[in-house]
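Report on the structure
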Amino acid sequence: MFKRILIANRGEIAVRVIRACREMGIESVAVYSDVDRRALHVRKADFAEYLGPAQASESYLNIPKILEAARRSGAEAIHPGYGFLSENAKFARACREAGIVFIGPAPESMEMMGSKTKARQNMKKAGVPFVPGTDTGLKSAEEALAVAEKIGYPVMLKASAGGGGKGMRMVTNSKELASALETTQSEAQRAFGDSEVYIEKFIESPRHVEMQIFGDTHGNVIYLAERECSVQRRHQKVLEEAPCSFVDPDMRRRMGEVAVQVGKAANYVNAGTVEFLVDAQKNFYFLEMNTRLQVEHPVTEMVTGIDLVQLQLRVAAGEPLGIKQEDIVLRGHAIELRVYAEDPDNNFFPSPGRITRLISPSGPGIRRDSGMYEGWVVPIDYEPLLPKLIAYGEYRTQVIIRLRRALVEYFIGGIKCNISLFRRILLNPDFQAGRVDTGFLDRLLKEPAHGDARTARRVPIVALAAAIFAQQPPPGTQPARSIDGLHSAAARGPLPEPAESGEAKPSGWKTAARSEGVGR
Ligand code: MV4
């Protein structure tokens, strides 16, 4: 195993990796820019190396400076986190050439997934279902018209070099197609330096469901749980959950096996995510693959019990996964909220500044992955993700109640943040029923917001709470493990007889303790 690794990132994900290192007895090296001198990841790491000015090209995106910091600090491996250099094949290759282990997939795997048409060609060979359309760039408007005629309108034009919602355009009829193609091609040329555009059938109100996979250097690839990520705003995820209540055990297995096929076709090593569009009839289509650890990885950790970051480090050091597909058991439900320093009452405008007061939630079933602390100044220079608030529980309804309780406990003073948005989402009947698609959040934001924090507090949750006790685990999942010794009646089952061994019981002990009566 490595003795020392460098984390080429900042904020909560750098802190998350430092935590994994410390539990494994690995020394961590933080890197920082001018505005991050006082950042939490710098305080928490064993060592810290200065990179340069705030501008990412001078710091967190600067390959020579990061490799130099690794050399200076004696780090054997680099964890890239997410964003920044995490999906940069040039960086992975530069690490390889410098004799430093890149904690992630091989540059060849990244390159295969970087071009959407290349990915589609390879996935077609591997028998992976994807949205009907072309797997090569369109050569002419005539070709586009012929394909659109065959697959039917509306269609999507997408840039091969795009992804994450950039460089795409919906076209509803043949009259608009030629000019839309021209516009999409020239936009793609300007944005990505590559004008290649392909065509797909438009999927109406899809869900975004993604499958976590993991590969090792011994040829093993497994799938973990799927995540429901449909709650997005402008292609920015806001809330993620695992498992997805729309996915039944058979669909999970089929989706998982497709995801493993994708991984194997790409010789994939380390943590990866295969994204799918899912239509109302539960058809799923390969969309793209993310060749990194994702922001939302904690929900998968909660329902599988697997520390994905520790697994990343072990796999990068050459160890086999050591987990077989049949060992993966899903237990309970988890939801993550991405708390951003942005103003929901002012078009989600960034709200940097000093955190003057911070009172954070905790208690049963609550996890926070955070890079902030009271007195810290949120810089304007980077994406303003503050903490990720993650709740875990036996059932989805219980998790919703926990999050609502945690939001009541939360106080972040000095800056604006999007907590009020989460109150609205969690109270929404469609959300509570699991009826979400990629248009959900836009629809919600068009409705007038009613009530403030105080009324939100008073909304009775009795009906929701009652629903928990009637709930059974969804097919294919197990009830959650004990969370701080608390179980709801549904999971408790018949209580065992009190022990006869005559052990002294604490005063007030009447029957089997709540934490003993697990009916499993
Ligand atoms: C689509 C689609 C409908 N039909 N492709 C947006 C992000 C990019 N990775 C793919 N995206 C979409 N592709 C077809 N053929 C709808 C979207 C889409 C979307 C996808 C995932 C999550 C949120 C989304 C929001 C709007 C549109």
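Everything below is about the structure printed above this text.
Anyway, here's the lowdown on the structure attached to this text. Please read these numbers as outputs of a predicted model, since none were measured by experiment.

Observations regarding the overall build of the protein
- Helix and strand counts for the protein stand at 18 helices and 24 strands.
- Long-range contacts, defined as pairs at least 24 residues apart, comprise 65% of the intrachain contacts of the protein with a sequence gap of at least 6.
- Carbon together with sulfur atoms contributes 51% to the accessible area of the protein, which is approximately 22,600 Å² in total.

Details of the side chain of Gln-310
- With respect to the helices and strands, the residue Gln-310 is situated in helix α11 (residues 308-316).
- Gln-310 sits in the buried class, given a relative accessible area of 14%.
- At 2.9 Å, the side chain of Gln-310 forms a polar contact with the side chain of Glu-23.
- Setting aside residues up to four positions removed in sequence, Gln-310 forms contacts with Ala-20, Glu-23 and Met-24.

Regarding the site of the ligand
- Neighbouring residues of the ligand: 17 residues in total, closest Lys-158, Glu-200, Lys-201, Ile-203 and Glu-288.
- Between the ligand and Glu-200, the relevant distance is 2.8 Å, taken from a nitrogen atom to a side-chain nitrogen or oxygen of the residue.
- Between the ligand and Ile-203, the relevant distance is 2.9 Å, taken from a nitrogen atom to a main-chain nitrogen or oxygen of the residue.
- Isolated, the ligand exposes 520 Å² of accessible area, and the fraction of that covered by the protein chains is 90%.
- Of all the elements in the fold, those that place two or more residues in the shell around the ligand are β6 (155-163), β8 (197-201) and β15 (284-290).
- In terms of residue class, the shell around the ligand is made up of 7 nonpolar, 6 polar and 4 charged.

Details of the pattern of salt bridges
- Following the criterion strictly, the structure yields 39 salt bridges and no others.
- Between Lys-124 and Asp-135 there is a salt bridge, and its shortest N-O distance comes to 3.3 Å. Residue Lys-124 is located in helix α6 (residues 116-125), and its partner Asp-135 is located in the loop between α6 and α7 (141-151); the two are separated by 11 residues in the primary sequence.
- Residue Asp-135 is classed as buried on the basis of its relative accessible area, which comes to 15%.
- Where Asp-369 meets Arg-367, a salt bridge forms, and the shortest distance between an N and an O atom there is 2.9 Å.
- With a relative accessible area of 4%, Asp-369 lands in the buried category.

Section: the packing of helix α3 (residues 63-73) against helix α4 (residues 89-98)
- Look at α3 against α4: their axes get within 11 Å of each other, and the N-to-C directions meet at 35°. Remark: the crossing between α3 and α4 carries right-handed chirality. Contacts between α3 and α4 pair Ile-63, Ile-66 and Leu-67 from the former with Lys-90, Phe-91, Ala-94, Cys-95 and Ala-98 from the latter.
- Its residues assigned to classes, the contact of α3 with α4 comprises 7 nonpolar, no polar and 1 charged.

Calculation rules
- Residues numbered from 1 in each chain as written.
- Predicted model: local features only at pLDDT ≥ 70, side-chain atom pairs only at ≥ 80, totals over all residues.
- Heavy atoms only, no water.
- Helix = DSSP H or I, 4+ residues; strand = E, 2+ residues; numbered from the N terminus.
- Contact = heavy atoms within 4.5 Å.
- Areas by Shrake-Rupley, 256 points an atom, 1.4 Å probe, with all protein chains shown as cover.
- Buried < 20%, exposed > 50% of the residue type's maximum accessible area, 1.4 Å probe, protein only.
- Polar contact = N/O pair within 3.5 Å; in protein donor to acceptor, adjacent residues only side chain to side chain.
- Near = heavy atom within 4 Å.
- Nonpolar A, V, L, I, M, F, W, Y, C, P; charged D, E, K, R; others polar.
- Salt bridge = Lys/Arg side-chain N within 4 Å of Asp/Glu carboxyl O.
- Axes fitted to C-alpha atoms, helices over the stretch in contact; angles between N-to-C directions.
- Left-handed = near helix turned anticlockwise from the far one by under 90°.

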